[in-house]
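# Coordinate inspection notes
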Amino acid sequence: MQSELKYAFVMRSLHWLVVLAVLIAVAAIEILDAFPKGSAARAALFMVHQTAGLSVLALMVLRLFARVGTQAPPPVPGSPLVQRAARLTHGVLYVLMVGMPVLGVLALAWAGKPIQPFGLDVTLALPQDKTFAHLAKEVHESGATLVYIAVGLHAAAALWHEFILKDRLLRRMI
Ligand code: HEM
Ligand code: HEM
């Protein structure tokens, strides 16, 4: 049966590491609002957000190489429309997982603020530009809504396959 075929080990590992890093990035930025502005907890959570977000970018770069270098299993049998929707969602997820961290970095760099992966202070040699910084932050924040929608649809589809269609699709990624 086609759905018994799995993604390569490296693809499966990177998939779940990205999921974990995204969860940490989102949890950190959502919890941050519970703390007063200027507090140490808020600063620490923002550092965690950036570290996890930059880890997503690093993992996605590895993943793009792994995607090209390994054979993905053929799509599970189904209507061409559903297969196209799945391919589109995967494409959107790739774009978001690369685009979101890049926009986050640009928002800070154009605002003249340091990037703080793992507590380091890295200042990028970009000219300060308030308009660009504001734009990058706005797009990053709107992108976050898209992340919630795309990941929600994608995870719901995976669970639909597992529990309703029972075609073992989820096992291709485990
Ligand atoms: C996949 C990676 C990332 C995701 C999913 C993500 C998601 C988010 C979310 C949900 C918000 C809150 C949006 C809101 O309040 O409406 C946010 C804000 C923000 N993120 Fe990210 N982010 C990621 C990576 C990064 C990275 C790598 C950086 C910078 C190094 C960064 C910098 C920022 C900044 C500056 C804000 C605005 C914080 C504020 O002033 O309120 N993000 N991000
Ligand atoms: C941040 C969250 C997630 C991201 C960014 C993400 C991203 C992706 C991408 C890009 C693919 C396509 C693989 C490729 O061709 O390279 C994929 C496949 C897959 N994902 Fe996710 N995913 C996430 C969360 C989840 C969750 C929560 C589940 C399970 C509930 C899941 C289950 C799957 C499965 C089963 C496949 C294989 C689909 C197939 O064989 O057609 N993913 N994921």
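Nothing here was measured: the structure is a model prediction, and the numbers come from that model.

Within the protein, the regular secondary structure consists of four helices and zero strands. When the helices and strands of the protein are read in sequence order from the N terminus, they spell out α-α-α-α. Principal-axis analysis of the C-alpha atoms gives the protein an extent of 55 × 35 × 25 Å. The buried share among the 174 residues of the protein stands at 31%. Residue pairs at least 24 apart in sequence account for 73% of intrachain contacts in the protein once pairs closer than 6 positions are excluded. Averaging the positions of the 15 positive and the 9 negative side-chain charges in the protein gives two centres separated by 8 Å.

Turning to unusual backbone geometry, a few remarks are in order. Within the chain, Phe118 stands out as a residue other than glycine whose phi angle is a positive 50°. Its place among the elements puts Phe118 in the loop between α3 (80-110) and α4 (130-165). Given the relative accessible area of 65%, Phe118 is considered exposed. Positive phi values are uncommon outside glycine, yet Arg168 reaches one of about 65°. Note that Arg168 resides in the segment after α4.

Here we come to the site of ligand 1. For ligand 1, the set of nearby residues contains 18 residues, the closest of which are Phe46, His49, Lys137, His140 and Ala144. In this structure, Lys137 approaches ligand 1 through a side-chain N or O atom, which is 3.5 Å from an oxygen atom. One of the side-chain N or O atoms of His140 is found 2.7 Å from a nitrogen atom in ligand 1. Looking at the shell around ligand 1, the elements with two or more residues in it are α2 (40-69), α3 and α4. Per-element accounting of the shell around ligand 1 gives the leading share, six residues, to α2.

Here we take up the UniProt feature "domain: Cytochrome b561 bacterial/Ni-hydrogenase" (unreviewed entry) in the protein. In the UniProt entry, the feature "domain: Cytochrome b561 bacterial/Ni-hydrogenase" (unreviewed entry) is given for residues 7-174. Annotation note: span residues 7-174, helix share 72%, strand share 0%, distance between end C-alpha atoms 8 Å.

Each protein donor to the iron atom of ligand 2 is listed here as His15 (NE2) and His154 (NE2); together their distances run 2.0 Å. Given six donor atoms and angles of 88 to 180° at the metal, the environment of the iron atom of ligand 2 is assigned as octahedral. Here His15 is found in helix α1 (residues 9-32), whereas its partner His154 is found in helix α4, with 139 residues between them in sequence.

About the thresholds
- Residues numbered from 1 in each chain as written.
- Chains lettered and ligands numbered in written order.
- Predicted model: local features only at pLDDT ≥ 70, side-chain atom pairs only at ≥ 80, totals over all residues.
- Heavy atoms only, no water.
- Helix = DSSP H or I, 4+ residues; strand = E, 2+ residues; numbered from the N terminus.
- Buried < 20%, exposed > 50% of the residue type's maximum accessible area, 1.4 Å probe, protein only.
- Contact = heavy atoms within 4.5 Å.
- Lys, Arg positive; Asp, Glu negative; His and termini not counted.
- Charge placed at Lys NZ, Arg CZ, Asp CG, Glu CD.
- Near = heavy atom within 4 Å.
- Polar contact = N/O pair within 3.5 Å; in protein donor to acceptor, adjacent residues only side chain to side chain.
- UniProt positions renumbered as here; feature names shortened; annotations may be inferred.
- Donors = N, O, S within 2.8 Å, 3.2 Å for Na, K, Ca; no water.
- Tetrahedral: all angles 85-135°; square planar, octahedral: opposite > 155°, others 65-115°.

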